[in-house]
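Here is how the chains run, residue by residue.
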Amino acid sequence: EDNMQLMARYEDNHFDLAIVDPPYGININSSGRLGKYGGKGKNWDNETPSKEYFKELFRVSKNQIIWGGNYFNLPATRCFIIWDKQQPENVSFASCEYAYTNFDKSAKTFYLRPQNADNIRIHPTQKPVKLYEWLLMNYAKEGDKILDTHLGSGSIAIACHNLGYDLTACELDKDYYEASIKRINQHKAQLRII
């Protein structure tokens, strides 16, 4: 589903926390290097979201964590979040990622190498489940309703499932949606077996 259609159905401040990872507009698939993670031939990252997207996001959610905050024209914040990927200095891709938040708290850093995280990779910009769990443990409260407008690989859905949060999410790309649903269902099945 298109995220603008999803958000239009909800009243102001319906969601307690939006944790989103929208396209950064850097055409990440152009090199073909990330094609092995389902990115080859996709053009979802050619542009950033519109001003209307951010207006709706801020309307339907009380609090926001927006990955790629440095790529968008967002209000000033003192509580930014850095995901330090603990990469060697000579790597060609980003050694960290920045998230904007509207919280009135101190800035924080989360440390985790992507290679030490999830063993199933289905999206070129996939965030680790552990990162989303850390975000929920530090920025959400019990009973919060969570919104994700770009489900991608489904990492946030697994984290919300693990920690008992109610998640509303959407993904426009059919391939990513189907792969994320399969990943989420496999995770739930593993938990039942254990």
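To be clear, the structure that these remarks concern was listed above.
Residues numbered from 1 in each chain as written. Predicted model: local features only at pLDDT ≥ 70, side-chain atom pairs only at ≥ 80, totals over all residues. Heavy atoms only, no water.

Draft legend 1. Just the packing of aromatic side chains, in detail. Applying the stated criterion to the full structure yields eight aromatic pairs. Between Tyr-53 and Phe-54 the ring centres are 5.0 Å apart and the planes differ by 75 degrees, which places this aromatic pair in the edge-to-face class. On the basis of relative accessible area, Tyr-53 is assigned to the buried category, the value being 2%. With 5.0 Å between their ring centres and 50 degrees between their planes, Phe-54 and Phe-72 make a pair best called tilted. Taken together, the residues Phe-54 in helix α2 (residues 51-60) and Phe-72 in the loop between β2 (61-67) and β3 (81-84) connect sequence positions 18 residues apart. Within the aromatic cluster, the residues linked to one another by ring pairs are Phe-103, Phe-110, Trp-134 and Tyr-139. (Phe/Tyr/Trp six-rings, centres within 6.5 Å; stacked < 30°, edge-to-face > 60°. Buried < 20%, exposed > 50% of the residue type's maximum accessible area, 1.4 Å probe, protein only. Helix = DSSP H or I, 4+ residues; strand = E, 2+ residues; numbered from the N terminus.)

Draft legend 2. Local environment of the pattern of salt bridges. Overall, the coordinates contain nine salt bridges when judged by the stated rule. Glu-97 is the partner of Lys-85 in a salt bridge, and the nearest nitrogen-oxygen pair spans 2.8 Å. Residue Lys-85 is found in the loop between β3 and β4 (96-101), and its partner Glu-97 is found in strand β4; the two are separated by 12 residues along the sequence. One salt bridge in this structure joins Lys-174 and Glu-178, with 3.3 Å as the shortest N-O distance. In this pair, Lys-174 and Glu-178 are both assigned in helix α5 (residues 174-193), four residues apart and thus about one turn of the helix distant. The exposure class assigned to Glu-178 is partly exposed, which follows from its relative accessible area of 43%. Where salt bridges share partners, they join Asp-21, Lys-85, Glu-97 and Lys-127 into one cluster. (Salt bridge = Lys/Arg side-chain N within 4 Å of Asp/Glu carboxyl O.)

Draft legend 3. Region of the structure containing the nonpolar core. Judged by nonpolar contacts, the single largest core of 45 residues is most densely connected at Ile-19, Ile-65, Trp-67, Leu-135, Tyr-139 and Ile-146. Per element, the largest residue contribution to this core is seven residues, and it comes from helix α3 (residues 129-139). The contacts of Tyr-139, once residues within four sequence positions are left out, are Leu-17, Ile-65, Cys-79, Ile-81, Phe-103, Lys-105, Lys-108 and Trp-134. (Core = buried A, V, L, I, M, F, W, Y, C linked by side-chain atoms within 4.5 Å. Contact = heavy atoms within 4.5 Å.)

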